[in-house]
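Coordinate inspection notes
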Amino acid sequence: MGKRNIFKKLFFMASYTVTCFVCYVANTVLRFKVEKVPRGTKNYIILFNETRVTNGFIPFLASRGYVHHVVMDYIRGRWYGGMLRAHLYSVFIDQNSPLLAMREIQRRMKRGDSFVLFPEGHYSRNGITNKVSPSTGAFVKTLGHTLVTYRITGGFLRFPTWSLYSRKGPVKGEVAGIYTAEQLKRMTPQEVTDCINRDLYVDEYENQKTDLREYPGRNLAEGIETFLSICPKCRAFGMIRSSGDEFRCTACGMTGRVDKYGFIRSEDFPYTTVPELEKVEDELFDAAYAEAPDDVPFIHFDGVTIEKMSKNYKFRTVAEGVLNVYKDRLEIAGYSFAFASLREIRSMRGVNVKKPQIAVRTIDERYMLSGVGLCTWQIKRVSEESGGHKNNDNNR
């Protein structure tokens, strides 16, 4: 091993140790209940379900030994992407060449490294774990090393995907399953995928019905308009406004609130959970899409910023304005993206939780669209309805 590699390894070990110490200190305030991976578990890949409040935190508390993260290349040019690359020796997945990342993981696992992976690809939109793709099971089986599945409950209610503010309340992490290399050899790729989906599955609202827990906080409803973008009473688009713990429709006067248990209360509609409202939202959206004309914007968002990613993964702002979403394309400030020609369209959540983001990839370029009122699930839905690119993205 050369001097450069020795220094790199020592730097990683020191950075990782400091990060773990910071997480342990922070957890004295956050008070997450975290089960540690059993002693003696080495050279493994550990899979977590995704939540906003735990992704960059619980893996350091739960893992045994040093582990490396596998992350999307969209964050590579951000300051926290640089931290992941330099301090935590992460592997970045480039959607243009994902096999390169897979080979790098295989190479490093053969020499004894361990890895953290969030196979859902996105935060859950509704508090129910997104199903992982069959390719995940095939990849884990191909690695030929120990698989650890780790389930986190309470994370969605602690910080809902749509919310601008986190709450207080219980979060629990537990080892759901451990599968040795020998066990994985006897399983088919689909059986491995089924085990992952079963182990990581969480339905936060079903859990609340059987074990009611409080998640108090401030401004519990703020940000809900990026999820509840169609009024369930009058079907108006983009007329929901939130303030504090309450929200209302400026078109018909519908009102509602979010309580400390995470449930949605309103005298104007009977739905009380995010999954119930999600189903209604999707049905209303599909009906409106079917009736909309082709030659005018179906929906639009004001104050959207478009950034372009350079070859060294740095983002620079190229335009700002109104994002018009047609049935077959996106248009903003002279830029046009036809859904049929996009290689990827993916909803993102950056460090700035008040600005939802959506990543767009053409054949040659990559862009990031962000805005305070940007409803990423609607854009994803239009893309899917038009026959455009589909991702494993139930969060939309």
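A short tour of the structure in this document, coming up. (Residues numbered from 1 in each chain as written. Predicted model: local features only at pLDDT ≥ 70, side-chain atom pairs only at ≥ 80, totals over all residues. Heavy atoms only, no water.)

**Structural notes on the pattern of salt bridges**
- All told, the structure shown has 21 salt bridges when counted by the stated rule.
- Measuring nitrogen to oxygen at the nearest pair gives 3.4 Å for the salt bridge that ties Glu-206 to Lys-209. Of the two residues, Glu-206 and Lys-209 are both situated in helix H9 (residues 204-210); the distance of three residues between them amounts to about one turn of the helix.
- With a relative accessible area of 40%, Glu-206 lands in the partly exposed category.
- With a relative accessible area of 51%, Lys-209 lands in the exposed category.
- Taken together, the salt bridges that share partners define one network made up of Glu-104, Arg-107, Arg-108, Arg-111 and Asp-113. (Salt bridge = Lys/Arg side-chain N within 4 Å of Asp/Glu carboxyl O. Helix = DSSP H or I, 4+ residues; strand = E, 2+ residues; numbered from the N terminus. Buried < 20%, exposed > 50% of the residue type's maximum accessible area, 1.4 Å probe, protein only.)

**Observations regarding helix H5 (residues 134-143)**
- All of the buried residues along H5 are Thr-136, Gly-137, Phe-139, Val-140 and Leu-143. Viewed along the axis of H5, the buried residues span an arc of 165°, placing them on a single side of the element. For H5, exposure combined with an orientation more than 90 degrees from the buried face picks out Pro-134 and Thr-142.
- Gly-144 sits one or two positions beyond H5 and adopts a positive phi of about 75°. (Arc of directions from axis to C-beta.)

**Let's talk about the side chain of Arg-108**
- Within the secondary structure, Arg-108 sits in helix H4 (residues 98-110).
- When its relative accessible area of 2% is taken as the criterion, Arg-108 is described as buried.
- Within polar-contact distance, the side chain of Arg-108 engages the side chain of His-68 at 3.3 Å. (Polar contact = N/O pair within 3.5 Å; in protein donor to acceptor, adjacent residues only side chain to side chain.)

**Section: the sheet that holds strand S11 (residues 264-265)**
- With antiparallel pairing, four strands are arranged side by side in an open sheet as S8-S9-S10-S11. At either margin of the open sheet sits one strand with a lone partner, and together these are strand S8 (240-243) and S11.
- Inspection of the sheet shows S8 paired to strand S9 (residues 246-249) by four bridges, in the antiparallel sense. The residue of S9 that forms the bridge with Arg-241 is Arg-248. (Pairing = 2+ DSSP bridges.)

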